[in-house]
Amino acid sequence: MKKAVVFAMTGIMAVSMFGCGSKKQVEVSSVDDLKDLTIGVQTGTTGDSNASDAVASDSQMKRYNKGADAIQALKTGKIDAVVIDSLPAQKFVDANDDLKIVENIWEPEEYAICLKKGNTELTEKMNAAIKELKEDGTLDKIMANYIGDDQGSYQYETPEGTEYTNGTLTMATNAEFEPWEYKEGDNIVGIDADMAKAICDKMGYDLKIDDMAFESILAAVSSGKAEFGAAGMTVTDERKESVDFTDTYANASQVVIVRK
């Protein structure tokens, strides 16, 4: 799920600011060009993993609990780049005209819901619900409500007559990843929150959302503290060792954010 900032694409130049006020000019055109940079990421995310593989030393990695903290470090010159998911990256760049996105550094990824390993019954029920939401257009509407030209045009609402005869499911998430999940006042909103609500409505479960550090989500699901996790989470072989995943519900990519 989440990522950091880096420089990429042929011919892109950036100025890196260091403590004593000196400036270092950097050119990046591939993953190889990241090896000497100081990179900010959100702890435990795919961006963390990708950037860690790219740098020469782990001492170059600056890990933060929130993507917003990594962005602030970039703006103040404490790091050279941030690696993060493309949709949160776009939100950050829209709000900061001194930053820009570098794309096409890594291959596309798949997002899915994670569940306790071996919980086949719940996984199959969720897959059936996801399939229905795709086929009836609900999932597309939820996505469009948060990204693109139709933002705010559709708000998912529980169908009239829905009953929660099966109890409550707890979803583990990290509400620092707009537009996938974030806070509006005391409420956790976003694509994943609405999608999870729609899935639970179809299955006859009420939904409880538990906000936590991203790196705690897999442990919460594995231990049974939460029945499932949804947090813009990328399906990886490493994560499959500790949890199961539903079918894919969205595609994403890691990008690099740098100063203009």
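Residues numbered from 1 in each chain as written. Predicted model: local features only at pLDDT ≥ 70, side-chain atom pairs only at ≥ 80, totals over all residues. Heavy atoms only, no water.

**With respect to the overall build of the chain**
Thinking step 1. A tally of regular secondary structure across the chain gives 8 helices and 16 strands.
Thinking step 2. The buried share of the chain, reckoned over its 260 residues, is 50%.
Thinking step 3. Contacts spanning at least 24 positions in sequence make up 72% of the contacts within the chain whose residues lie at least 6 apart.
Thinking step 4. When the accessible surface of the chain is summed, it comes to about 12000 Å², and 43% of that surface belongs to carbon and sulfur atoms. (Helix = DSSP H or I, 4+ residues; strand = E, 2+ residues; numbered from the N terminus. Buried < 20%, exposed > 50% of the residue type's maximum accessible area, 1.4 Å probe, protein only. Contact = heavy atoms within 4.5 Å. Areas by Shrake-Rupley, 256 points an atom, 1.4 Å probe, with all protein chains shown as cover.)

**Here we look at the pairing of strand 9 (residues 168–173)**
Thinking step 1. Across the 6 residues that make up strand 9, a large majority, 5, are buried.
Thinking step 2. The pairing of strand 9 with strand 13 (residues 228–229) spans 2 bridges and is parallel. Residue Ala172 lies in a different strand from strand 13, and its bridge partner there is Gly229. (Pairing = 2+ DSSP bridges.)

**Here's the deal with the sheet that holds strand 6 (residues 99–102)**
Thinking step 1. Overall, mixed pairing links the 5 strands, which are arranged 4-3-5-16-6 in an open sheet. The sheet terminates laterally at strand 4 (61–64) and strand 6, the two strands that pair on one side only. Neighbour to neighbour, the strand axes of the sheet diverge by 30 degrees on average, direction disregarded.
Thinking step 2. Summarising the sheet, strand 5 (residues 81–85) and strand 16 (residues 254–259) pair through 4 bridges and their orientation is antiparallel. When the sheet's bridge partners are listed, Ile84 is paired in strand 16 with Val255. (Axes fitted to C-alpha atoms, helices over the stretch in contact; angles between N-to-C directions.)

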